[in-house]
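Here is how the chains run, residue by residue.
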Amino acid sequence: MSLENIKRIKDWGLGIDGHMIVSGPCSAETEEQVLSTARDVAKDKRVNVLRAGIWKPRTRPGSFEGIGEIGLEWLNKAKAETGLLIATEVANAAHVEACLKAGVDILWVGARTTVNPFSVQEVADALKGVDVPVLVKNPINPDLGLWQGGLERIASAGITRLAAIHRGFSTYEKTPFRNLPKWDMAIEMMRKFPQIDIINDPSHIAGNRELLPYVCQKAIDLNMEGLMIESHISPSVAWSDAAQQVTPNGLTELLDSLTFRQESVETGDTNKLDSLRKEIDELDDDIFQKIASRMNISDEIGKYKRDNSVTILQVDRWEEIVNKRISLGVAMGLDDNFVKNYLKLIHKESIRRQNLIMNEVEAELAGK
Ligand code: PEP
Ligand code: MN
């Protein structure tokens, strides 16, 4: 199956020649919400595409599952008023037909659909003979073949304006991210299919507003072709994904904070220092991620100790950790003093956080 004749986003004829910046609400909720978000988002001229989910694949029933076809009319009104291109998610043939009828500019296949070849094939079959741009999100599980397969199924329907969206991978582990970025998988995708543009969806990776700048900058630094960032006129009352959406102003601040770099000219192997520094940056990112996960587990332990009236400090356990880790660190070529100092720092911070957890209850009880 060939992915050879795929066009780069800049050649899609949509007038997007720099980064493709997609923004808009997770879900279309009301006409007013779509229009007011679109109006404000369109004030930032870097934004080219308005997004909004019309049919929402929710993890459990009973959550808001999308407003349905009426939302397509709102998107079209927003387009007429702002000039933004419009994009939404499709998961079956009926969605594709409704979008084509409404003239939606760009369709995307969601992460929960990419995992299911039957569904992707149904979408692909509905697209036969149609010339509409399609973006394929990575599947929720880290399976490069499945992502590739999704792209291939859509390509074999004759779609040539095709790109991928990196939105991170689901995990049961507690991590600072809602979905693990697993940057190496996106990099592998770029390496295998250099002709397929990838844009990044920092919103579903981060799951919160605070991590968005980091994820966006990292995506830009990896030379991704664009960003899909969820925005909402009032994020705190959003009907889905409230914690990760930014206001239109927040979006502008976020875009302002990023450094958009030009793809550098090939310099051969002369940039040794740069590439070593890049490796260090990657490792520091991983270390931070691990430390944050460790702190989360330590918080869980704090809650357990609180609920079971166990003391925070247990000297035996601490001795055991220190001794085991020092010999491990030394065996790995680290200095024993360095390992001791590192452990002290981590331990001190764990105790500080566990204290907060215990005192939070004390404070609450005192207030009652
Ligand atoms: C979305 O874009 O709102 C969405 C449902 O994302 P994903 O398919 O990445 O979960
Ligand atoms: Mn969402």
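Heads up: the structure comes first, above all this text.
Residues numbered from 1 in each chain as written. Chains lettered and ligands numbered in written order. Predicted model: local features only at pLDDT ≥ 70, side-chain atom pairs only at ≥ 80, totals over all residues. Heavy atoms only, no water.

1. Description of the environment of Leu-14
Here Leu-14 lies in the segment before strand S1 (20-24). Overall, the relative accessible area of 22% leaves Leu-14 in the partly exposed class. Sequence separation between Leu-14 and Val-49 is 35 residues; the distance between their C-alpha atoms is 10.0 Å. Every residue in contact with Leu-14, bar those within four places of it in the chain, is listed here: Leu-85, Ile-106, Pro-133 and Arg-161. (Helix = DSSP H or I, 4+ residues; strand = E, 2+ residues; numbered from the N terminus. Buried < 20%, exposed > 50% of the residue type's maximum accessible area, 1.4 Å probe, protein only. Contact = heavy atoms within 4.5 Å.)

2. Section: the environment of Lys-290
The residue Lys-290 is located in helix H11 (residues 272-307) in this model. Residue classification places Lys-290 among the exposed positions, given a relative accessible area of 61%. When the C-alpha positions of Lys-290 and Pro-176 are compared, they lie 9.0 Å apart, and in sequence the two are 114 residues distant.

3. Quick notes on the coordination of the manganese ion (ligand 2)
Put simply, a metal with four donors set out as a tetrahedron has ideal angles of 109.5 degrees, and one with six donors set out as an octahedron has ideal angles of 90 or 180 degrees. Donor atoms from the polypeptide that coordinate the manganese ion (ligand 2) comprise Cys-26 (SG), His-204 (NE2), Glu-230 (OE) and Asp-241 (OD), at 2.0 to 2.4 Å from the metal. For the manganese ion (ligand 2), the donor residues sit on a single chain with the sequence spacing C-x177-H-x25-E-x10-D. Of the two residues, Cys-26 is situated in the loop between S1 and helix H1 (31-42) and Glu-230 in strand S8 (residues 226-230); the sequence distance between them amounts to 204 residues. Here Cys-26 falls in the buried class, since its relative accessible area comes to 1%. A relative accessible area of 0% places Glu-230 in the buried class. (Donors = N, O, S within 2.8 Å, 3.2 Å for Na, K, Ca; no water.)

4. Considerations on the sheet that holds strand S3 (residues 85-90)
Spatial ordering of the closed barrel is given by S1-S2-S3-S4-S5-S6-S7-S8, a layout of eight strands whose pairing is parallel. Looking at each pair of strands side by side, their axes are set apart by 30 degrees on average, direction ignored. In terms of strand pairing, S1 meets strand S2 (residues 49-51) through two bridges, oriented parallel. Residue pairing across strands places Ser-23 opposite Leu-50, the latter belonging to S2. Along the sheet face, helix H9 (residues 212-221) touches strand S7 (198-200) and S8 and points at about 165 degrees away from the line of S8. Sheet contacts for helix H10 (residues 248-257): S1 and S8; angle to S8, the most-contacted strand, approximately 150 degrees. (Pairing = 2+ DSSP bridges. Axes fitted to C-alpha atoms, helices over the stretch in contact; angles between N-to-C directions.)

5. A word on the environment of Phe-169
Positionally, Phe-169 belongs in the loop between strand S6 (162-166) and helix H7 (183-192). The spatial distance from the C-alpha of Phe-169 to the C-alpha of Pro-142 is 5.8 Å, given a sequence separation of 27 residues. Apart from the residues lying within four places of it in its own chain, the contact partners of Phe-169 are Asn-138, Pro-139, Ile-140, Asn-141, Pro-142, Asn-179, Leu-180, Pro-181, Lys-182 and Met-185.

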